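Architecture at a glance
Residues per chain, in single letters:
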Amino acid sequence: MRKNSVIKLRFIFIYAMHTSLFSIAGFSQTHTIKIVELRSYTKNESIGANLVLAPFFSEKVSGTIQSGLPSVLEIELLVRDRNDKNIGENRIIRRISYNIWDEKYRIDSPDTSLFFTLFADLQNTCLLLKSTPFITRNKLDENHLAQIYVRGTLRLISSSQSRKLAGWLDASAQAPETISSDESSSGFRLNFSALVSLFMGNSPERRTNAPWQQFPFPINGRDQ
Amino acid sequence: MKKRLISIFVLTSCFVTAVSFAQSKSSNPDLIVQAIEITGQTKTRANVITNYLTFHVNGSISPEKIEASWQLLKQTNFFKNVEIYTRPGKEKGLVIAIIEIEDRRRPYFEFAGGHSDLDGWYFVPASFRFDNQFGRGNLLDIQIYLSDRTSKFSINYKHPYLFDGSSYFSTELYGGGRQYIHYLNGLQAQQDVNFTGLKMHIGGNEGLFRFIKLGIQVEKFEPKNELKFSNNDSVVVDLQIPPDLRPNDEMTKASAFTLALGFDGRDNIYYPKKGFWGAAIYEKATKELNSEFEYSRVLLDGRFYQKIFGTHVLALNVKNAYASEDSPFFKRFYLGGANSLRGFSERRLTPVGYGTKLFLGNIEYRFALTNKMVAEPPVFGVLFYSQGGLWQNDAKINTDEMFKSLGFGLRFRLPILGLTRVDFAFPTTVLDDEDFQLHISLGQTF
């Protein structure tokens, strides 16, 4: 009996850990952002990236921002050497909001806040982004081009700055206690079909998980 | 010098007060929902969707409310995709919320698992769900339930929002077998009990009715006339079995109604720091309901939480239960185990024929082991003391006969599984020369 319990417990753990590792999926209230252009720049002995984003202010996105609810733009950057080893990473986060009472648009980054009166100015600023320098020159091999992987998402209506786990995974676990029975029980539920379609099919979760885009990352970027 | 210091202090205080006042004055009014538009649905009725929203027309809306609504809609699994966005309303401060959904058309599989008092670790390896039939938001599933001690097949139905959302109705049709653990002279034995049954419950979602749950259940039990001992594979049958465990007939039918009252005043379900949770359950089987035997059971369960400082919380649980003398052993109470009295193995403290008078008290001192997410710490520790006793009808409750234990534990949050619990418990009442028990389970103890 005890052996059975141990085997079952082990099975639960293996199953759950596999599932959790494979299901770091996109938050469904996200929109994929396409990066049109990426150029490196150097500052002292460090290198950063300037990005040009494809326009993403659809009617849905514009309407949401203009009604006073904030969105969060997030760009992930990953530099890999010729052996495909990660040698540097960075994340650009911008919170885009509109104060309907002051009629001012606002972009917040971790260290600055920019204000605009025209929506067009906000759009233009959002489409040209600059990362902080995030990799030192000596980490890059001068004879070989490193590759930078980049992906962008817009989290439509977000109270949090960053959310890594998908909602359905986050909340899959325990149900609140009921009063129907005198014995206590605690468990978890997992939608197996959603999990399968996340990897095999064309599920919305899969679609909203932005694909990585790849650019060459030379170290001879312009000094800025 | 002293005067200068005083004047600096007064000026600084005035400045701080003025700034905080200006900030409070500059906080803007809430955004108000002018209308809710639902698009994309081909099956689901609009009222099913609005039942899961945390904002309503003419009420306030915020990113937090939208995220919570999105989570609730997603968790139903009625939809392949849910998106909530907004556009400006006809006046400044008004918002039109748009719920864009894609209906799930086909049934789906669900996997489930967990830990329960009665069954130990359990799995639902195959649950086939037919939720949201005809777009009415009802839940229907067929599942196979397997555990250390139970195998069960069941069909479950629930309508979570009946009568314009004021009530819910659920029913379960099931059949299977369960092993009941008995201790005879310190030796563990199992008795198989086959069962079939139908349970129906109705309860409220709002008003005073939300604290009440009414139920009716018709069950048939077939206790086997043999006990299997796990340590030496021996089997005891017929007259050698203690009278309390002997079946009267081949099949016993019990029909009962239940009345459950519940109140949840905790400030947080996951890591309560303040508040009270209470439940009172009354179950009565009578011949008027076509029951072959009559019994009654009452259970009172109270939980209190009080923050000491920071994330340090004192939690107290008191559980009292009573079953009438004529109740069969499978309707009585047991003691010992991870969710019962820690420090002792599962049901180790249960008298032969199970008990009819139960007292269980647990006190826990909880503290976060990380500074992150202070409201719901992902890792926290527990120091506990437990005390309990279980008696049969003819026995007198004697506090000196109670069993006691103390120990410490660790709680951590895992993806999928949720809150996982590991307890190291040390009995202060020595039994079987066992001085330590490791309990692994899910969720809070209480």
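Values in this document were obtained by computation on a predicted structure and should not be read as measured data.

What counts and what doesn't
- Residues numbered from 1 in each chain as written.
- Chains lettered and ligands numbered in written order.
- Predicted model: local features only at pLDDT ≥ 70, side-chain atom pairs only at ≥ 80, totals over all residues.
- Heavy atoms only, no water.
- Helix = DSSP H or I, 4+ residues; strand = E, 2+ residues; numbered from the N terminus.
- Buried < 20%, exposed > 50% of the residue type's maximum accessible area, 1.4 Å probe, protein only.
- Contact = heavy atoms within 4.5 Å.
- Areas by Shrake-Rupley, 256 points an atom, 1.4 Å probe, with all protein chains shown as cover.
- Pairing = 2+ DSSP bridges.
- Axes fitted to C-alpha atoms, helices over the stretch in contact; angles between N-to-C directions.
- Expected span 1.5 Å × (residues − 1).
- pLDDT = per-residue confidence, 0-100.
- Phe/Tyr/Trp six-rings, centres within 6.5 Å; stacked < 30°, edge-to-face > 60°.
- Lys NZ or Arg CZ within 6 Å of the ring centre and 35° of its normal.

Of regular secondary structure, chain B possesses 3 helices and 22 strands. Counting the 446 residues in chain B, one finds 50% classified as buried.

The subject of this paragraph is the overall build of chain A. For chain A, the count of helices and strands is 6 helices and 13 strands. Buried residues in chain A amount to 49% of all 224 residues. If you take every contact in chain A between residues at least 6 apart in sequence, the share linking residues at least 24 apart comes to 69%. Summed over its atoms, the accessible surface of chain A is roughly 11,700 Å², and 51% of this surface lies on carbon and sulfur atoms.

Within a sheet, each strand pairs with its neighbour through backbone hydrogen bonds, oriented either parallel or antiparallel. On the basis of which strands lie adjacent, the open sheet formed by 4 strands has the order β2-β1-β4-β3 (chain B) and mixed pairing. With one partner strand each, in any of the chains shown, β2 (60-61) and β3 (79-88) of chain B form the two edges of the open sheet. When β3 of chain B meets strand β4 (residues 94-103) of chain B, the two strands line up antiparallel, connected through 9 bridges. Counterpart to Pro88 of chain B in the pairing with β4 of chain B is Val95 of chain B. Contacts between helix α2 (residues 59-66) of chain A and the sheet are confined to β3 and β4 of chain B, with β3 of chain B contributing the most and set at about 55° to the helix.

We now examine helix α3 (residues 63-75) of chain B. All names here are of chain B. With 13 residues, α3 should reach 18 Å at 1.5 Å per residue; the first-to-last C-alpha distance of 18 Å fits that figure. Regarding α3, the residues found buried are Pro63, Ile66, Glu67, Ser69, Trp70, Gln71, Leu73 and Lys74. Following α3 by one or two positions, Asn77 adopts a phi angle in the positive range, close to 65°.

On to the confidence of the model for chain B. Residues with a pLDDT of 70 or more make up 92% of chain B, whose mean pLDDT is 87. Of the regions scoring below 50 in pLDDT, residues 8-26 of chain B engages in 0 contacts with residues more than four places distant in sequence or in other chains.

Here we take up the side chain of Gln437 of chain B. Residues and elements named next belong to chain B. For Gln437, the position within the fold is in strand β22 (residues 437-442). By relative accessible area, Gln437 is classed as buried at 12%. Those residues within four positions of Gln437 in sequence are excluded, and the remaining contacts are Gly343, Phe344, Ser345, Asp423, Phe424 and Ala425.

All names here are of chain B. This model, assessed by the stated rule, comprises 31 aromatic pairs over all chains. Note on Tyr271 and Phe380: the rings are 4.7 Å apart at their centroids and 75° apart in plane angle, and the pair reads as edge-to-face. Note that Tyr271 is positioned in the loop between β14 (252-264) and β15 (274-285) and Phe380 in strand β19 (residues 379-391), a separation of 109 residues in sequence. For the residue pair Tyr271 and Phe380, the accessibility class agrees, reading buried in each case. Members of the aromatic cluster, joined through ring pairs, are Tyr180, Phe221, Phe329, Phe330, Tyr334 and Tyr354. The ring of Tyr168 is capped by Lys158, whose NZ or CZ atom sits 5.0 Å from the centre of that ring. The ring of Phe384 carries the charged tip of Arg342 above its face, separated from the ring centre by 3.8 Å.

To continue, consider the pairing of strand β10 (residues 187-204) of chain B. All names here are of chain B. Across 18 bridges, strand β9 (residues 167-184) lies against β10 in antiparallel orientation. Looking across to β10, one finds that Gly176 is bridged to Phe195. Connecting β9 to the next strand, β10, in antiparallel fashion are 2 residues, including Asn185 with a positive phi near 50°. Bridge count for β10 against strand β12 (residues 226-229) is 2 bridges, and the pairing is antiparallel. The partner of Ala189 across the bridge, within β12, is Phe229. Examined bridge by bridge, β10 and strand β11 (residues 212-223) share 11 bridges and lie antiparallel to one another. Within β11, the position partnered with His201 by the bridge is Gly215.

Residue and element names in this part refer to chain A. When the pLDDT values of chain A are averaged, the result is 74; 62% of them are 70 or greater. Counting interchain partners and residues more than four positions distant, the pLDDT-below-50 stretch residues 160-173 has 45 contacts. A low-confidence stretch, residues 203-207 stays under pLDDT 50, and its non-local contacts, those more than four residues away or across chains, total 17 contacts.

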